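# Structural description and commentary
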Amino acid sequence: GDIFWLRRDNPQLEFVVPEEGGVLWTTPLEIPRGAAHPRDAHLFMDYVYRPEVAANITSYVGYITPVPAVQDILLMRAERAGSPGWQSFYRELATSPLVFPTPETEGQLHSYGVLSEEEEQAWNDLFQQVVHG
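Residues numbered from 1 in each chain as written. Predicted model: local features only at pLDDT ≥ 70, side-chain atom pairs only at ≥ 80, totals over all residues. Heavy atoms only, no water.

### Some thoughts on the overall build of the chain
To keep it simple, the criterion reads: Runs of H or I in DSSP of at least four residues are treated as helices and runs of E of at least two as strands, each being numbered from the N terminus. C-alpha atoms define the radius of gyration, and 2.2 Å times the number of residues to the power 0.38 defines the globule rule. Buried means the residue's accessible area, taken with a 1.4 Å probe over protein chains only, is under 20% of the maximum for its type, while exposed means over 50%, and partly exposed covers the values in between. Two residues form a contact once any of their heavy atoms are found within 4.5 Å. Methods summary: accessible areas were calculated by the Shrake-Rupley approach with a probe of 1.4 Å, and residue burial reflects only the protein chains presented.
Secondary structure summary: the chain contains seven helices and two strands in total. For the chain, the α and β elements follow one another from N to C terminus as α-β-α-α-α-α-α-β-α. Expected size for 133 residues packed as a compact globule is a radius of gyration near 14 Å; at 19 Å, the chain overshoots this value by more than 25%. If you line up the chain on its principal axes, its C-alpha atoms span 55 × 45 × 30 Å. Taking all 133 residues of the chain together, 22% fall into the buried category. Sequence separation of at least 24 residues holds for 52% of the intrachain contacts in the chain that already meet a minimum separation of 6. Per element, the accessible surface of the chain, about 10,200 Å² overall, is 57% carbon and sulfur.

Pasting the structure below:
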């Protein structure tokens, strides 16, 4: 998302996935155990995953969306936009491989692995050395 926005003013800027692959970041929606209002949390999640709402979010943040219908909605908005600027913006967003990665790029990406308790402790120990010296 950051690169998508930065490239609008600086088109020579590139985002490259190394040949070895890269990490696909995600920000999950979660409900903490013991939440006071889990039903409200579910209703909120249902709301933000509606394609029209997810398209609004994607238009604002420029990040990859988990809602496949968003791309078609953005293309439709490009066709219906009243100004050339909005037409261009929605088309650029809907066709950007930074927002909608190609299958080839997706094949290069992986999620963070789940660590065992020992691995997590080792990671935290190493990270603390970086942070605190």
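Structure shown, so let's carry the discussion forward.
### Examining a negative patch on the surface
Note the threshold: Excluding any residue in a salt bridge, patches collect residues exceeding 30% relative accessible area, merging like charges within 9 Å and nonpolar Val, Leu, Ile, Met, Phe, Trp and Tyr side chains within 5 Å. Put simply, a salt bridge is a Lys or Arg side-chain nitrogen that is within 4 Å of an Asp or Glu carboxyl oxygen. A positive count includes Lys and Arg, and a negative count includes Asp and Glu. His and the chain ends are not counted in either. For this purpose, a charge sits on NZ of Lys, CZ of Arg, CG of Asp or CD of Glu.
A cluster of acidic side chains, namely E117, E118, E119 and E120, defines a negative patch on the protein surface. Of note, E120 is situated in helix α7 (residues 117–132).

### Some details on the side chain of R77
Topologically, R77 is positioned in helix α4 (residues 70–80). Given a relative accessible area of 16%, R77 falls into the buried group. Excluding anything up to four places from it in sequence, R77 contacts E52, A55, N56, S59 and Y90.

### Thoughts on a nonpolar patch on the surface
Taken together, the side chains of L115, W123, F127, V130 and V131 make up a nonpolar region of the molecular surface, amounting to roughly 530 Å² of accessible area. Classification of V131 as partly exposed rests on a relative accessible area of 47%.

### Here's the deal with helix α5 (residues 84–95)
Formally: The span one expects for a helix is its residue count, reduced by one, times 1.5 Å. Taking the helix axis as origin, the arc is that swept by the directions to the C-beta atoms.
End to end, α5 covers 16 Å across 12 residues, agreeing with the expected 16 Å (1.5 Å per residue, within 8%). Taken residue by residue, α5 has F89, Y90, L93 and A94 as its buried positions. Burial along α5 is one-sided: seen end-on, the buried residues are contained in an arc of 125°. Structural note: α5 exposes P84 and T95 on the side pointing more than 90 degrees away from its buried face. Close packing links the buried residues of α5 with α1 (2–9), α3 (51–61) and α4.

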